[in-house]
Amino acid sequence: MGNKKFLLVLPALVLIIFILIIPMLSMLKTSFYNSPFGEDGSFVGFQNYIKVLNDSGMGIAVKISFIWASIISSIVIILGIIIAYILETKAKNKKMLFFIIMLPWIIPSYMGVLIWRSLIYGYGTESIIKNIFHLNTNIFTDIFAGLGWGIFVSIWLELPIVVMVLISAYQEVPRELHLAAKIDGANSLNTLINITIPYIKPTIITWFLITFANHFKDFTVPFLLTAGGPPLFSGFTSHSIVGITTTMGVFNYFISNTQYDFGIISAYSVISAIFVMLIAFIFLTRRTLSLKKFLAFVIAIKILSYIFNPGIILLLTIGLYFILLRKRNLFGLIVVLDFSMMILNISIKGFWGGFDFIPIISLMWLIFKEKTPVIPQTKIKMNLKSIKLVFKYLLLAFLIIIIMLPVYNIINISLSGTNNITVTLFPEKLTFENYNRIFSEIHIEHNLKNTIIIAFLTSIIVPIISYPLALFISKNNLSWILPLLIFIDFLGGVHSIIALFMIFRKLHLLNSLFGVSLVYATHTLPMSTFLIKGYLDKIPKEIEETALLDTTKLKSYFYILFPLSIPAILVSMLIGFMKGWNGFIPSLMLLNKDSLYPLSVKLYSLIGEPGTSYPKWDLFSASSILNIIFLGLIFIMIRRPLMNGVLKDRY
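This text gives an overview of the structure that appears in the document. (Residues numbered from 1 in each chain as written. Predicted model: local features only at pLDDT ≥ 70, side-chain atom pairs only at ≥ 80, totals over all residues. Heavy atoms only, no water.)

## A short note on the pattern of salt bridges
Here is step 1: In this structure the tally under the stated criterion is five salt bridges.
Here is step 2: With its nearest N and O atoms 3.5 Å apart, the salt bridge here joins Asp594 to Lys602.
Here is step 3: Judged by its relative accessible area of 47%, Asp594 is partly exposed.
Here is step 4: Look at the salt bridges and you will find they share partners, linking Lys302, Asp338 and Asp356 into a network. (Salt bridge = Lys/Arg side-chain N within 4 Å of Asp/Glu carboxyl O. Buried < 20%, exposed > 50% of the residue type's maximum accessible area, 1.4 Å probe, protein only.)

If you want it as structure tokens, here you go:
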């Protein structure tokens, strides 16, 4: 077959270069120029970077992103372990509970966040959450409320997929291990901690890192829920204003809206990309990362932190890790000293001036790289069966309430006769008029058509680029390409969307539904390739060998293996369809004509940013219900093929 096998990589390679790599290189080039409104300007060298490094807001945004991602990924993994364990081993009516827990997954994030904003904030904090649960809902003025509710909504959106993955991992634990533990007298808690968790530890670490990396560059939740959050006292800088939920994604979006010089914008984006790539590097090398390489990574982060926020204490901690390169047995002691110096620095400079995330990363290294400690079997005389039963049902009841409350609330508003966020559990005036108005007033059918076109095009492009690539990886035993794809995919985000905007403008792809579909298909590539490659690996080699008697190897790929891979290809198409349907940021940034808006941008335009428009909650709610119904039907259609091979028949 010669070099023809490399043609299999060509479709995916073209899109990766076009959508991800060229924008990053273009952004890097522009960062060295003065580029007013994206036009060619004079070469300025590192002046743009000097301006960025003098902006302390950038350093604060990086720290906020780290805190945001750390809290969300830690809580969602812990909750996922508990809920998946209960569903797999303790719960009855598994199918019904599983469907309820998966509901947030079929609600697009842009829609779910806005629904929660109506529940939490309502009108000036007068909301259902405040009236029923008497909780602090001042998300725009109280930093703890803004951060806390932002984390809560992010967990609500992230938890379903984590639960599904961990249930799948639980099912891979050999039953013999559980039986042996039971014979030895181990209770369920000891079995979970000493057998199940160590066995699925690679899955836990992988999904922790994926969740951390995704939320490190998060945009949708902190932007749509709190618009960056209440400003911090130390967040008022000469170049920017940073709030408690101003993650790097939100920070870069604000910079792109307030700066006219694309050279400055590109410099901010390049530095943001460096941090994202460092996080992605940890994911890529998580299995083979040695202590020496980890320490080099830590020192690099410390030096970057010192550039943004110089200080003698931070300089001393850099020296500690250089010492650790030679005296590696002092790792635990160095981490303790680093924590102590961070606390001292916070007491001197304040939290945002003195906070350092390296001690936390070092602690994670100790946890992930060391063996899980064995918890000794404890025999408690009192009967804990009733307590466990109460805890299980309380947890499940709480989950059902927080999952169903947003759905009920949006139905409540859609049936209300007024354009008000209802602050009670029942509408003031029951009517279906809003469902008529979304067609007669805002013509939602046009946006529905655009969404269907984007989703359909994405679903067609995905197998065209992912099936040949999966073939190339499977037949050449190049599994290392999969984590590399994820690493490259991390390059995408708000920090690179401006560069992509500039590329699309030059190629006349702005305001193009096809162009937006190319972006969504590229970001679906890692997952779709992984699914198809796994399916191809399970096809017996004898089938291909028999086919080679009558045809060439290249033809066998498309006439024999392709039909056999149809189930995996259909699933990848459905995932691409959902990606195109639920996509928000590329559509928001690359489409600026109302006639081309998909549902995601149209629904956002009905509500807008907090305090900047007159929200039309009644029309938003009615449109959202129609969207949820459609996505619910899609989920029911894909549930069996999607779960087949991932979860067992009882789900």
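More follows now that the structure is in view.
## Details of helix 21 (residues 444-475)
Here is step 1: The end-to-end C-alpha distance of helix 21, which contains 32 residues, comes to 46 Å, matching closely the 46 Å that a straight helix rising 1.5 Å per residue would cover.
Here is step 2: In the stretch just after helix 21, Asn477 is the one whose phi turns positive, near 50°. (Helix = DSSP H or I, 4+ residues; strand = E, 2+ residues; numbered from the N terminus. Expected span 1.5 Å × (residues − 1).)

## Concerning a nonpolar patch on the surface
Here is step 1: On the surface, a cluster of nonpolar side chains totalling about 460 Å² of accessible area is made up of Leu13, Ile17, Ile21, Ile22, Leu25 and Leu28.
Here is step 2: Structurally, Ile22 is set in helix 1 (residues 10-30). (Patch = residues over 30% accessible without salt bridge, like charges linked within 9 Å, V, L, I, M, F, W, Y side chains within 5 Å. Areas by Shrake-Rupley, 256 points an atom, 1.4 Å probe, with all protein chains shown as cover.)

## Observations regarding the side chain of Asp261
Here is step 1: Within the fold, Asp261 resides in the loop between helix 12 (248-258) and helix 13 (262-284).
Here is step 2: Within the buried core, Asp261 has no salt-bridge partner, and the shortest N-O distance to an opposite charge, that of Lys51, equals 5.7 Å.
Here is step 3: At 2.8 Å, the side chain of Asp261 forms a polar contact with the backbone nitrogen of Gly263.
Here is step 4: If sequence neighbours within four positions are ignored, Asp261 has contacts with Tyr33, Asn34, Ser35 and Pro36. (Lys, Arg positive; Asp, Glu negative; His and termini not counted. Polar contact = N/O pair within 3.5 Å; in protein donor to acceptor, adjacent residues only side chain to side chain. Contact = heavy atoms within 4.5 Å.)

## Remarks on the packing of helix 7 (residues 143-170) against helix 10 (residues 201-216)
Axis angle and axis distance: for two packed helices, these are the angle between their axes and the distance between the axes, and together they describe the pair.
Here is step 1: As a packed pair, helix 7 and helix 10 sit with axes 11 Å apart at the nearest point and diverge in direction by 160°. As summarised for this structure, helix 7 and helix 10 are arranged roughly antiparallel, according to the angle between their axes. Crossing of helix 7 over helix 10 shows right-handed handedness. Contact with helix 7, carried on its side by Ser154, Glu158, Ile161, Val162, Val165, Leu166 and Ala169, involves Thr203, Ile204, Trp207, Thr211 and His215 of helix 10 and no other residues of that element.
Here is step 2: Among the residues forming the contact of helix 7 with helix 10, the class breakdown is seven nonpolar, four polar and one charged. (Axes fitted to C-alpha atoms, helices over the stretch in contact; angles between N-to-C directions. Parallel < 35°, antiparallel > 145°, perpendicular 65-115°, else oblique. Left-handed = near helix turned anticlockwise from the far one by under 90°. Nonpolar A, V, L, I, M, F, W, Y, C, P; charged D, E, K, R; others polar.)

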